Amino acid sequence: MNWQKNLKIKNNHPLKDKTTIRIGGTARFFCEPRDLKELKMLIFWAKKGNIPVFVLGAGSNLLISDRGVKGLVLRLSSAFFTSIELKGNSVEAGSGVKLAKLIRFSLDNSLTGLEFLSGIPGTLGGGIMMNAGCWGRDIAGIISQVKVIDLNGHIKTLKREEISFDYRKSNLGRYIILKARMRLKKSVKGFIENNIRDYLLKRRHSQDLTFCNAGCIFKNPKLESAGKLIELCKLKGKRIGEAFISPKHANFILNNGNAKSEDVLKLINLMKKRVKNKFNIALEPEIKLWR
Ligand SMILES: Cc1cc2nc3c(=O)[nH]c(=O)nc-3n(C[C@H](O)[C@H](O)[C@H](O)COP(=O)(O)OP(=O)(O)OC[C@H]3O[C@@H](n4cnc5c(N)ncnc54)[C@H](O)[C@@H]3O)c2cc1C
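This is a predicted model, so every value here is computed, not measured.

Some thoughts on the pairing of strand E15 (residues 175–183)
Then, in step 1: Here five bridges tie strand E7 (residues 90–94) to E15, and the two strands are oriented antiparallel to one another. When the sheet's bridge partners are listed, valine 91 is paired in E15 with methionine 182.
Then, in step 2: As defined by bridge partners, strand E11 (residues 143–150) adjoins E15 across seven bridges and the pair is classed as antiparallel. Counterpart to valine 146 in the pairing with E15 is alanine 180.

Put into structure tokens, the structure is as follows:
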């Protein structure tokens, strides 16, 4: 059909390079809609064909199976979904915008509040879905409203009070996030720049950025650090296939170049098993697994 051709739906499209860990097979269907009209058409097409829908942000919290994803993978990367607007002391942005770009925009407009997210390589949509955060703060603390669409094509704007956020999770799982508004504060550029520099420096000291990775594999259990527990199990540097546990930060799994999703999954299981045996603590994955 003509409209389908216009949407440029790709078949068996590679996803590996769309993730930060550089692992994964193909998407049965892949599309980057140009606007809301196209997104709606894709949602209806998938619904009619009973095709599961997956939303890909920057792929920085994902492990995709080497066997790929049997569904429609959508990436909201077009200009329509990555615009940023100033609304007084608030910023409203499309979900596909990278957090780094958002931080740059608020700096340019002398607005403070987003700096703690510096160095997180995700999009706004992924950040909201995961309630991304660090240094004791999370994105939930600055959101004032989120616009979403469900898989029946219904659009609504949810106020902050209508959304429940918890440590690295939200209750928005049945929606596609379209845009969000963040409440920031007026400040001076020098102060914001210093904050960004300090946060990036702190990150460089604590995280391992030498090889491709998907950030922290596990959530921190209450009052514990998952990385510390894994380290105490003497698993730093442990390698399976081409994947290995970071010698610097034990909650990171690094891709030596050609790691397979199976290698990473085996390491994940090993980390879980060893921590359970030694400390009787069940680690819960932070990363999302697509298979
Ligand atoms: C080096 C490194 C450091 C990191 N440091 C941190 C950190 O300090 N703190 C932290 O919290 N995280 C961290 N992360 C993890 C990751 O960057 C964050 O979780 C980020 O918010 C994920 O965003 P994303 O766009 O990459 O989402 P993706 O990985 O693409 O997707 C994650 C989930 O969000 C969903 N999603 C994405 N966009 C949308 C949308 N528009 N609508 C609906 N669902 C959507 C996906 O379907 C998936 O379920 C780090 C990762 C790396 C690689």
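Next comes the rest of the write-up.
Regarding the site of the ligand
Then, in step 1: Close to the ligand lie 35 residues; Val55, Gly57, Ser60, Thr123 and Gly133 are nearest.
Then, in step 2: Here an oxygen atom of the ligand sits 2.6 Å away from a polar atom, N or O, in the side chain of serine 60.
Then, in step 3: Here glycine 127 contributes a backbone N or O atom positioned 3.3 Å from an oxygen atom of the ligand.
Then, in step 4: In isolation the ligand has 970 Å² of accessible area, and contact with the protein removes 94% of it.
Then, in step 5: Elements that contribute at least two residues to the shell around the ligand include exactly strand E3 (53–56), helix H4 (124–130), strand E9 (133–134), E15, strand E17 (212–216) and strand E21 (288–290).
Then, in step 6: By residue number, the principal contributor to the shell around the ligand is H4, which donates five residues.
Then, in step 7: Here the residues of the shell around the ligand sort into 16 nonpolar, 15 polar and four charged.

Calculation criteria
- Residues numbered from 1 in each chain as written.
- Predicted model: local features only at pLDDT ≥ 70, side-chain atom pairs only at ≥ 80, totals over all residues.
- Heavy atoms only, no water.
- Pairing = 2+ DSSP bridges.
- Helix = DSSP H or I, 4+ residues; strand = E, 2+ residues; numbered from the N terminus.
- Near = heavy atom within 4 Å.
- Polar contact = N/O pair within 3.5 Å; in protein donor to acceptor, adjacent residues only side chain to side chain.
- Areas by Shrake-Rupley, 256 points an atom, 1.4 Å probe, with all protein chains shown as cover.
- Nonpolar A, V, L, I, M, F, W, Y, C, P; charged D, E, K, R; others polar.

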